[in-house]
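Here is how the chains run, residue by residue.
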Amino acid sequence: MSVATTATPLGVARLGRDRADHGLFRARELSATTVLVAAVGEVDAANSDELLSYVHKLLGDYDQLVLDLSRLSFFATDGYSILQRIQARCSRLGIDWVLVPGPEVARVLRVCDPDEQFTTAGNIVSAVAALARGPHTHLQLAPLAK
């Protein structure tokens, strides 16, 4: 699936895939500045570090990240720790990112993240739209005095 704001189709390069135990990680370039990383299967103690390494490999090349975990069949609390580390790394590098959680991830977030520290979206299209709005939309300038 390609996501673009133009009428012409966007050529999407497949960056590669890695298998880590019972999880499969894939990356897809959505634009010159945005990468989508998707995980399928399970994220647990056996492969959570591989997911982190996979994401970290890509972060230096992009300004925005969509992390799609909507197709996971299992997500352990080890995965939550990885999300915190991704958040910290993106913050240090100035990378905007959005998480697309599925039911398994949402279950862990309800318990571990009641303050909702991660920006989430219901699907990839919504995540890309949130990134397009960017953090600058949260800034409201006071009107100039006359």
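Within any chain, residue numbers begin from 1 and follow the written order of that chain's sequence. Totals for whole chains, interfaces and linings use every residue, but because this is a predicted model, local features are given only for residues with pLDDT of at least 70 and side-chain atom pairs only at 80 or more, for both listing and counting. Hydrogens are left out, water is left out, and the side-chain values use all remaining heavy atoms of the structure.

Draft legend 1. Broad picture of the overall build of the protein. Under the scheme used here, helices are H or I runs from DSSP no shorter than 4 residues and strands are E runs no shorter than 2 residues, and both carry numbers assigned from the N terminus. When you go through the protein residue by residue, the secondary structure sums to four helices and five strands. Along the protein, from the amino end to the carboxyl end, the secondary structure elements read β-β-β-α-β-α-β-α-α. The 146 residues of the protein split such that 40% are buried. Accessible surface is estimated by sampling points in the Shrake-Rupley manner with a 1.4 Å probe; for residues, cover comes only from the protein chains shown. Of the roughly 8500 Å² of accessible surface on the protein, 51% is carried by carbon and sulfur atoms. Per-residue accessibility, obtained with a 1.4 Å probe over protein chains only, is compared with the maximum for each type, and a residue is labelled buried under 20%, exposed over 50%, and partly exposed between these values.

Draft legend 2. Molecular detail of the packing of aromatic side chains. Only rings of Phe, Tyr and Trp enter the pairing, Trp through its six-membered ring, and a pair is recorded when the two centres are within 6.5 Å. The plane angle decides the type: under 30 degrees is stacked, over 60 is edge-to-face, the rest tilted. Taken as a whole and assessed by the stated rule, the structure comprises three aromatic pairs. Ring centres of Trp97 and Phe118 lie 5.8 Å apart, and the angle between their planes is 65°; on these two criteria the pair is classed as edge-to-face. With Trp97 in strand E5 (residues 96-101) and Phe118 in the loop between helix H3 (103-112) and helix H4 (124-133), the pair connects residues that are 21 residues apart, well separated along the chain. Overall, the relative accessible area of 5% leaves Phe118 in the buried class.

Draft legend 3. Looking closely at the nonpolar core. For this analysis, a nonpolar core means a set of buried residues of the types Ala, Val, Leu, Ile, Met, Phe, Trp, Tyr and Cys, connected via side-chain atoms within 4.5 Å. Membership of the largest hydrophobic core comes to 30 residues, with the highest contact counts inside it found for Leu65, Leu67, Leu69, Leu83, Ile86 and Trp97. Per-element tally for this core: the top contributor is helix H1 (residues 48-59), with six residues. Residues count as neighbours in contact if any of their non-hydrogen atoms are within 4.5 Å of one another. Ignoring any residue separated from it by four or fewer positions in sequence, one finds Ile86 in contact with Leu52, Val55, Leu65, Leu67 and Trp97.

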